[in-house]
Amino acid sequence: MNAFRPASRMRTIPLEGGIREILARATELEKAGRSVIHMEIGRPDFASPDCAVRAAQAALEARDVHYTDMAGTEELRCAIADKLRRENGLDADPAREIVVTAGAIEALMMTFLTVLEPGEEVLVPAPFFPAYADQISLAEGVLVPVPCRLEKDFRLQVEDVAAALSPKSRILLLNTPNNPSGAILHRSDLEALATLAAERNLLVIADECYEKFLYDGTHVSMASLPGMRERTVTINAASKAFSMTGWRVGYAHLPAAVKPYAVKVHQNLSTCACSFAQAGVAEAFRSAEEDVRTMIAEYRRRRDAVVEALRRIPGMEFTVPQGAFYAFPSVRRFGMPDGEFCRYILEEAGVAIVPGSVFGAPDFVRIAYCRSLEDVEEGMRRIAAAISAL
């Protein structure tokens, strides 16, 4: 008998069919000489800000290569607190309320492990980032999808959340702007959800990693609403806003009473985020806003190019993404399941996109416009040609 076997919590976690598998097949085609346009990976294609690179280099030259405080360097926590006050309306205490993590993904896992009891439910608007499902399973919680509809621009409706509640409901997870739909929640949406959360004693985890990628409206942080500070954990990172995905620095702003327990979980996941990367991220928070504005302006051009191309495809149903850098059209009219459709587009057109089933929304596909405008336009031209050949 093999003594090594996966724990029971792993049984609900799919090992195939995700974004990385699509990337692997696209890479195989490229090695075989095919031209492939990558519109599957949600990774900004801009360089990290020069100011951040210089600050990290200076930290390395100063031999700042050792463990930091587990909650993050004081410099970075203060920079995050300044950012939260300036941009999010949150008077954050850098010593008592902020934990720096190895990316937002660790901040999420840390939070689930800190506050979620086995069997408790997490209400998650669908479509959703697939890591949520894996992490909730690893924390032995239960993901309860709350469908968001195309005809409502994928905006979460408070009545749908109310209908999904049960005695085991513990957490409402919000992601605005949303990956993969590009939908945003307006202040009125958040106020209605805040009222429901207070009435039903729900905690809220607010994933705000795409807050800068906003093309319409204004970003509102759930924790800034009256009565929500003490029941909300705000998750964010340098990865998207500053195009620093490989630096692996994120953070959680959470109630002071929770922080000691969160730090203990974080200690046993990663001990601390990379020391010299933290120096670079601190400088980005202080000095890289112009870099962000330049990047967002370019992403708006790409968004508009994708939308215009989708409008020209007969039978394509979609809503204009208001944030993030994804389009999420329906492909139900094209006579094949979303996974088969994406395989067809990859093999026939040389464009890698992701089936909506990965995000809990069959019949849709995610198109990431994290490529040059020329690549985006060519990718959409290829997709349109492949659809017309069906």
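Residues numbered from 1 in each chain as written. Predicted model: local features only at pLDDT ≥ 70, side-chain atom pairs only at ≥ 80, totals over all residues. Heavy atoms only, no water.

1. With respect to the nonpolar core
As a reminder of what qualifies: Among the buried residues, those of types Ala, Val, Leu, Ile, Met, Phe, Trp, Tyr and Cys that are joined through side-chain atoms within 4.5 Å form a nonpolar core. Whether a residue is buried, partly exposed or exposed follows from its accessible area with a 1.4 Å probe, protein chains only, as a fraction of its type maximum: under 20%, in between, or over 50%, in that order. Segments assigned H or I by DSSP are reported as helices when at least four residues long, segments assigned E as strands when at least two residues long, and all are numbered from the N terminus. We call two residues contacting when some pair of their heavy atoms lies within 4.5 Å.
Ranked by internal contacts, the top residues of the largest apolar core, which has 95 residues, are Phe 112, Phe 325, Phe 341, Ile 345, Ile 353, Ile 367 and Met 380. When residues of this core are assigned to their parent elements, the largest contribution, 8 residues, is made by helix H10 (residues 289-311). Residues in contact with Met 380, not counting those within four places in the same chain, are Met 39, Val 306, Ala 309, Leu 310 and Ile 367.

2. Section: the packing of helix H4 (residues 103-115) against helix H8 (residues 259-269)
Packed helices, taken two at a time, are described by their axes: the angle between them and the distance between them. The following threshold applies: Interaxial angles span 0 to 180 degrees and are taken between N-to-C directions of axes, which are lines fitted to C-alpha atoms, for helices over the stretch in contact. When an angle is under 35 degrees it counts as roughly parallel; over 145 it counts as roughly antiparallel; between 65 and 115 it counts as roughly perpendicular; any other value is oblique. When the near helix sits turned anticlockwise from the far one by under a right angle, the crossing is termed left-handed; a clockwise turn instead gives a right-handed crossing. Polar here means any residue other than Ala, Val, Leu, Ile, Met, Phe, Trp, Tyr, Cys and Pro, which are nonpolar, and Asp, Glu, Lys and Arg, which are charged; Gly is therefore polar.
Where H4 contacts H8, the two axes come as close as 9 Å, and the packing angle between them is 125°. The orientation of H4 relative to H8 falls into the category oblique. Relative to H8, the crossing made by H4 is right-handed. Note on element contacts: H8 touches H4 through Tyr 261, Ala 262, Val 265, His 266 and Leu 269, opposite Glu 106, Met 109, Met 110, Leu 113 and Thr 114. Its residues assigned to classes, the contact of H4 with H8 shows 7 nonpolar, 2 polar and 1 charged.

3. A word on the layout of surface pockets
Note the threshold: Think of a 1 Å grid over the protein atoms and nothing else: a 1.4 Å probe that fits but is trapped marks a cavity, an open set flanked by protein within 12 Å on at least five of seven lines marks a pocket, and residues with an atom within 4 Å of a point count as lining. Grid points are joined across faces, edges and corners, and a volume is the space filled by probe spheres set on the points.
Approximately 1,100 Å³ is the volume found for the largest pocket. Taken together, 44 residues line the largest pocket, and the ones lying closest to its centre are Ile 19, Arg 20, Phe 129, Pro 130 and Ala 131. Of the residues contributing to the lining of the largest pocket, the split by class is 23 nonpolar, 11 polar and 10 charged. In this model, the second largest pocket occupies a volume close to 200 Å³. Taken together, 13 residues make up the lining of the second largest pocket; nearest its centre are Ile 22, Gly 339, Cys 342, Arg 343 and Pro 355. Within the residue set of the lining of the second largest pocket, elements represented by two or more residues are helix H1 (19-31) and helix H11 (338-349). Looking at which element gives the most residues to the lining of the second largest pocket, the answer is H11, with 5 residues. For the lining of the second largest pocket, the class distribution of residues is 6 nonpolar, 3 polar and 4 charged.

4. Regarding the sheet that holds strand S9 (residues 326-327)
Put simply, the test is: Pairing between strands requires that DSSP locate at least two bridges from one strand to the other.
If you walk across this open sheet you meet the 3 strands as S9-S12-S11, and the pairing is antiparallel. Each edge of the open sheet carries a strand with a single partner, namely S9 and strand S11 (354-355). Alignment of S9 against strand S12 (residues 365-368), held across 2 bridges, turns out to be antiparallel. When the bridges of S12 are listed, Ala 327 appears paired with Ile 367.

5. Side note on H8
Test applied: As used here, the arc is the angular range of directions from the helix axis to the C-beta atoms.
Here H8 has its buried residues at Lys 259, Ala 262, Val 263, Val 265 and His 266. The arc that holds the buried residues of H8, viewed along the axis, is 160°, so those residues lie on one side. Along H8, the residues that are exposed and aim more than 90 degrees away from the buried face are Pro 260, Tyr 261 and Asn 268. Where the residues of H8 are buried, they touch strand S2 (98-101) and H4. Looking one or two residues past H8, Thr 271 carries a phi angle of roughly 70°, positive in sign.

6. Section: the sheet that holds strand S5 (residues 169-175)
Strand order in the open sheet made by the 7 strands is S2-S8-S7-S6-S5-S3-S4, with mixed pairing throughout. Edge positions in the sheet fall to S2 and strand S4 (142-147), since each has one partner strand and no second. Geometrically, the sheet is characterised by an average inter-axis angle of 20° between neighbouring strands, direction not taken into account. The sheet contact formed by strand S6 (residues 203-207) and strand S7 (residues 232-237) spans 4 bridges and is parallel. Looking at S7, one finds that Ala 206 is bridged to Thr 234. Packing against the sheet, H4 makes contact with S2, strand S3 (121-126), S5, S6, S7 and strand S8 (250-253), and its axis sits at approximately 160° to S7.

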